[in-house]
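For reference, the chains in residue letters:
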Amino acid sequence: MPPVLIRSNPGVMRDTTRFNTGSHTDALWARWGADGLPRKISGYRRITDSLDGIATGLHRFSRNGETYFHIGTSAGIQQVRINGAGAISSIINRTPSITSANSAYAWKFQVMYDPVINNAASIIAHAAVNLNEMDVDTQGPAFFGDLTGSAALVPLSVPISESSTTITTVTGTTSNTFPEVTSVSATTALRFGQTVTGTGIPTGTYIASVDSASQITLSAEATASNVGTTLTITTGGACGGIVALYPYLFMYGSSGRIRHSTSANFNDFWTLGSNEAFITGQKIVQAMPTRGGAGNNPSGLFWSLDSLVRCNFVGGDAIFNFDVVSEGITVMSPRSIVEFDGVFYWLGSDRFFMYAGALREVQNTFNLDYLFANLNQTYKSRSFAYRNSRHGEIWWCVPLGVSTWPNHAFVYNVKGNFWYDTPLPESGRSCAEPALTFPYPIMGGVDLVSGAATYPLWQHEYGTDKVEGVSVTPIRSYFQTGDITLLEGQQPMNKELQVVEIEPDFVQTGDMTVTVVGNANSRAVTVENDPVTFSDDPEARNTTVNVKQTRRQMRFRFESNTAGGDYKAGKILAHLNPTGGRSR
């Protein structure tokens with residue numbers, strides 16, 4: 001027989017029998033490119049080992065050759081900076097003073113420009129207490145601060161809808177029928193929009209202005225005169241999250257409630273131009289900006305526990321209009337929703353969805369059953385997704401088996417419309433931020449740093465190995481083909497196949513191995529030979545691989561597991577011959 005091309009369809013098929021697929025049957029840390037051929041996924045390096053908790057939210061911002069990463073953890077907010085040469089700063093703690101540690105925090109960050117401070121870029125942060133249960137309606141404040149600064153973030157000033165958070169208490173002197181409060185004990189933490197309660201202060205009163213180091217003006221006149229009266233300063237919040245639909249900031253949460261700022265100030269939820277509405281019945285868990293068309297920008301999408309709602313700017317008294325796209329969706333996790341080239345994809349409770357002006361299901365015949373059969377339902381709300389646009393992929397990272405953190409990635413190749421999957425490194429990953437100006441995805445680690453009480457942050461798609469400081473560890477990667485057999489084809493035969501020689505064709509760095517795997521029939525025990533090594537050296541004496549193996553159903557597993565190892569498959573040939581009758 002002439003040499004046979006060893007090639008299976010792209011992707012890894014998990015949801016049918018091994019013999020029933022024309023795709024690859026197994027893989028580890030491998031992807032398929034636009035050409036449909038397998039290659040190794042790149043390596044990763046640790047960029048810090050000093051996080052005070054497991055990262056559950058990431059944000060990056062680049063300016064003047066430096067990238068600022070804000071990281072939300074169970075303990076608060078930290079910042080790390082990376083310059084153009086790859087130098088990494090030490091950790092900067094930006095945790096707000098009123099933040100208490102909570103292992104259920106799932107952080108979301110947005111960037112807006114502060115009109116009060118010369119239009120400086122501000123980082124806005126919110127921690128929803130829904131990492132473990134999506135429908136929790138515990139409200140929490142949002143915070144903001146100078147994006148490129150190092151000071152602790154401070155609370156946004158939001159009207160109180162259900163519950164409040166105390167910022168501070170002060171004393172001051174009030175005068176009946178006057179809005180001014182004099183002799184205030186301290187005004188450092190006081191800001192426009194904070195709610196004020198105390199004797200002689202009408203319900204719903206907020207700070208209209210901070211006039212000096214010892215005086216503030218309220219939005220309503222005091223109803224009594226008091227000297228040295230105690231004033232409690234509070235703010236409201238949300239249980240769902242925040243989203244910037246420029247130039248408005250939205251907060252969203254339980255019972256379909258949304259609230260947005262004025263267009264002039266993201267910290268003004270009180271004056272004309274701000275608004276509140278109930279746009280659906282269930283809790284809203286995620287929101288993202290989208291294109292609305294002429295006259296309807298800004299626009300956004302809001303996901304509740306059971307519906308998708310579209311938001312469009314209309315102006316006038318209403319300011320925004322809301323219409324329901326569907327009341328039949330599900331969401332596995334707020335962080336499982338991702339945008340790719342203007343199309344929104346997400347993982348529901350039983351299937352994948354997409355929205356591009358119309359809602360439809362993303363077909364997955366490769367590994368959908370495998371995902372839900374092995375999903376840890378208790379911790380599914382910790383699942384997250386991110387886009388890897390360099391390779392045309394969306395990664396959904398979910399907890400399988402007994403893992404409490406996402407330990408397995410299900411990868412949709414958007415360009416090729418096929419799927420593959422891989423275990424995630426170590427015990428898994430907690431969150432991700434895609435590559436943009438900073439050209440590498442960033443992911444949070446879930447394992448304690450050895451000998452410390454801190455956690456790592458990883459830079460992915462970097463090199464070929466796992467790099468921790470000066471320590472370099474090879475990353476094992478392999479792919480396994482579908483079955484090659486004489487039982488099918490134009491002239492099927494009930495005979496075994498014998499492989500004598502393999503002609504590897506790889507763009508290859510480092511030694512690789514090939515293992516012949518197979519079965520006598522679909523239910524028989526799997527048999528495999530010892531791996532045979534082939535070098536990346538074109539001057540090597542043997543440029544082909546001699547493997548004399550016989551199988552009735554035959555597969556090949558190609559593997560790289562050396563420091564610096566890398567590969568891209570090409571046209572791999574095998575010299576095959578029919579032999580004997582049916583094997584035992």
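As shown above, the structure is provided for reference.
Residues numbered from 1 in each chain as written. Predicted model: local features only at pLDDT ≥ 70, side-chain atom pairs only at ≥ 80, totals over all residues. Heavy atoms only, no water.

**Regarding the overall build of the protein chain**
Condition: In this description a helix means any DSSP run of H or I spanning at least four residues, a strand means any run of E spanning at least two, and both kinds are numbered starting from the N terminus. Accessibility here uses a 1.4 Å probe with only protein chains present; expressed as a share of the type maximum, an area under 20% marks a residue as buried, one over 50% as exposed, and anything in between as partly exposed. The contact definition used throughout considers only heavy atoms, calling two residues in contact when any of these lie within 4.5 Å. All accessible areas in this document rest on Shrake-Rupley with a 1.4 Å probe, and a residue is counted as covered only by the protein chains that are shown. Positive charges are assigned to Lys and Arg, negative charges to Asp and Glu, while His and the chain termini are left out of the count. Where a charge lies is defined by one atom per residue type: Lys uses NZ, Arg uses CZ, Asp uses CG and Glu uses CD.
When helices and strands are tallied, the protein chain shows one helix and 52 strands. With respect to the principal axes defined by its C-alpha atoms, the protein chain has extents near 105 × 50 × 40 Å. Residues classed as buried in the protein chain amount to 54% of the 584 residues present. Across the protein chain, every contact between residues at least 6 apart in sequence was considered, and the portion connecting residues at least 24 apart equals 59%. Counting only carbon and sulfur atoms, one obtains 47% of the accessible surface of the protein chain, whose full area is about 23,600 Å². Taking the 42 positively charged and 48 negatively charged side chains of the protein chain as two groups, their mean positions are separated by 7 Å.

**Looking at the pattern of salt bridges**
Stated precisely, the cut-off is as follows: Think of a salt bridge as a Lys or Arg side-chain nitrogen and an Asp or Glu carboxyl oxygen that are within 4 Å of each other.
Applying the stated criterion to the full structure yields 21 salt bridges. Of the charged contacts, one joins Arg60 and Glu433 as a salt bridge, the two residues approaching to 3.5 Å between their closest N and O atoms. Here Arg60, found in strand E8 (residues 57–63), pairs with Glu433, found in strand E38 (residues 429–433); they are 373 residues apart in sequence, far enough to count as distant. Comparing Arg60 with Glu433, the two get one shared label, buried. Among the salt bridges present, the one from Glu361 reaches Arg351, with a minimum N-O distance of 3.5 Å.

**Topic: the side chain of Asn265**
Formally: In protein, a polar contact requires one atom able to donate a hydrogen and another able to accept it; more generally it is a pair of N or O atoms within 3.5 Å, and residues adjacent in sequence count only if both atoms are side-chain atoms.
Structurally, the position occupied by Asn265 is in the loop between strand E24 (257–260) and strand E25 (275–278). Exposure remark for Asn265: the relative accessible area of 15% places this residue in the buried category. Separated by 2.9 Å, the side chain of Asn265 and the backbone nitrogen of Asn267 make a polar contact. Those residues in contact with Asn265 that sit more than four places away from it in its chain are Pro115 and Val116.

**Re the pairing of strand E51 (residues 566–569)**
Across a regular strand the side chains alternate sides, sitting on one face of the sheet and then on the other. Filter applied, for reference: Here, any two strands with at least 2 DSSP bridges between them count as paired.
Side-chain alternation along E51 places Tyr567 and Ala569 on a buried face and Asp566 and Lys568 on a face that remains uncovered. Relative to E51, strand E45 (residues 506–509) runs antiparallel, the two sharing four bridges. Residue pairing for E51: Phe506 is matched across the bridge by Ala569.

**What to know about the sheet that holds strand E26 (residues 284–290)**
For clarity, the cut-off: The axes are straight lines fitted to the C-alpha atoms, using for helices just the contacting stretch, and the angles between their N-to-C directions are given from 0 to 180°.
Read from one edge of the open sheet, four strands run E26-E27-E28-E29, paired in antiparallel fashion. The strands lining the two open edges of the sheet, one partner per strand, are E26 and strand E29 (319–326). The mean inter-strand angle of the sheet, taken between neighbouring strand axes irrespective of direction, is 25°.

**Overview of a negative patch on the surface**
What counts here: By definition, no residue in a patch forms a salt bridge, and every one has over 30% relative accessible area; like charges are joined within 9 Å, nonpolar side chains (Val, Leu, Ile, Met, Phe, Trp, Tyr) within 5 Å.
On the surface, Asp511, Asp536, Asp537 and Glu539 cluster together to form a negatively charged patch. The residue Asp511 is located in the loop between E45 and strand E46 (512–519) in this model. Among the residues examined, Asp511 registers a relative accessible area of 35% and is labelled partly exposed.

**Details of the environment of Ile124**
Residue position: Ile124 is located in strand E13 (residues 120–128). In this structure Ile124 comes out as buried when scored by relative accessible area, which is 0%. The spacing of Ile124 and Glu393 is 269 residues in sequence and 28 Å in space, taken between C-alpha atoms. Residue contacts for Ile124: discarding those within four places in its chain leaves Lys108, Phe109, Gln110, Met112, Phe143, Phe144, Leu156, Ile242, Leu249 and Phe266.

**Regarding the packing of aromatic side chains**
The condition is simple: Aromatic contacts are taken between Phe, Tyr and Trp rings whose centres are within 6.5 Å, Trp giving its six-membered ring; a plane angle under 30 degrees counts as stacked, one over 60 as edge-to-face, and the others as tilted.
Enumeration over the complete set of coordinates arrives at 37 aromatic pairs. Between Tyr105 and Trp107 the ring centres are 5.6 Å apart and the planes differ by 65°, which places this aromatic pair in the edge-to-face class. The same class applies to Tyr105 as to Trp107, namely buried. Measuring from centroid to centroid gives 6.1 Å for Tyr252 and Phe302, while their planes differ by 90°, and the two rings are edge-to-face. Of this pair, Tyr252 sits in strand E23 (residues 248–252) while Phe302 sits in strand E27 (residues 299–304), and the two are 50 residues apart along the sequence.

**Points about the pairing of strand E39 (residues 442–445)**
Burial along E39 is two-sided: Ile442 and Gly444 and Met443 and Gly445, pointing in opposite directions, are all buried. With three bridges connecting them, E38 and E39 associate as antiparallel partners. Within the sheet, the bridge partner assigned to Arg429 lies in E39 and is Gly445. In the sheet, E39 pairs with strand E40 (residues 455–460) via three bridges, with the strands oriented antiparallel. Bridge assignment links Ile442 to a residue of E40, and that residue is Gln459.

**Focus: the nonpolar core**
Heads up, the rule is: Grouping buried Ala, Val, Leu, Ile, Met, Phe, Trp, Tyr and Cys residues that are joined through side-chain atoms within 4.5 Å yields what is termed a nonpolar core.
In this structure, Tyr345, Trp396, Phe556 and Phe558 are the most contacted members of the largest nonpolar core, which totals 67 residues. A per-element tally of this core places strand E35 (residues 393–398) first, with five residues. Judged by nonpolar contacts, the second largest core, of 18 residues, contains Ile54, Ile82, Ala106 and Phe438.

**Overview of the sheet that holds strand E10 (residues 77–83)**
Strand order in the open sheet made by the four strands is E8-E9-E10-E11, with antiparallel pairing throughout. Sheet topology places E8 and strand E11 (92–93) at the edges, where each strand pairs with a single neighbour. As paired strands, strand E9 (residues 66–72) and E10 are joined by seven bridges and run antiparallel to one another. Across the sheet, Gly72 pairs through a bridge with Ile77, a residue of E10.

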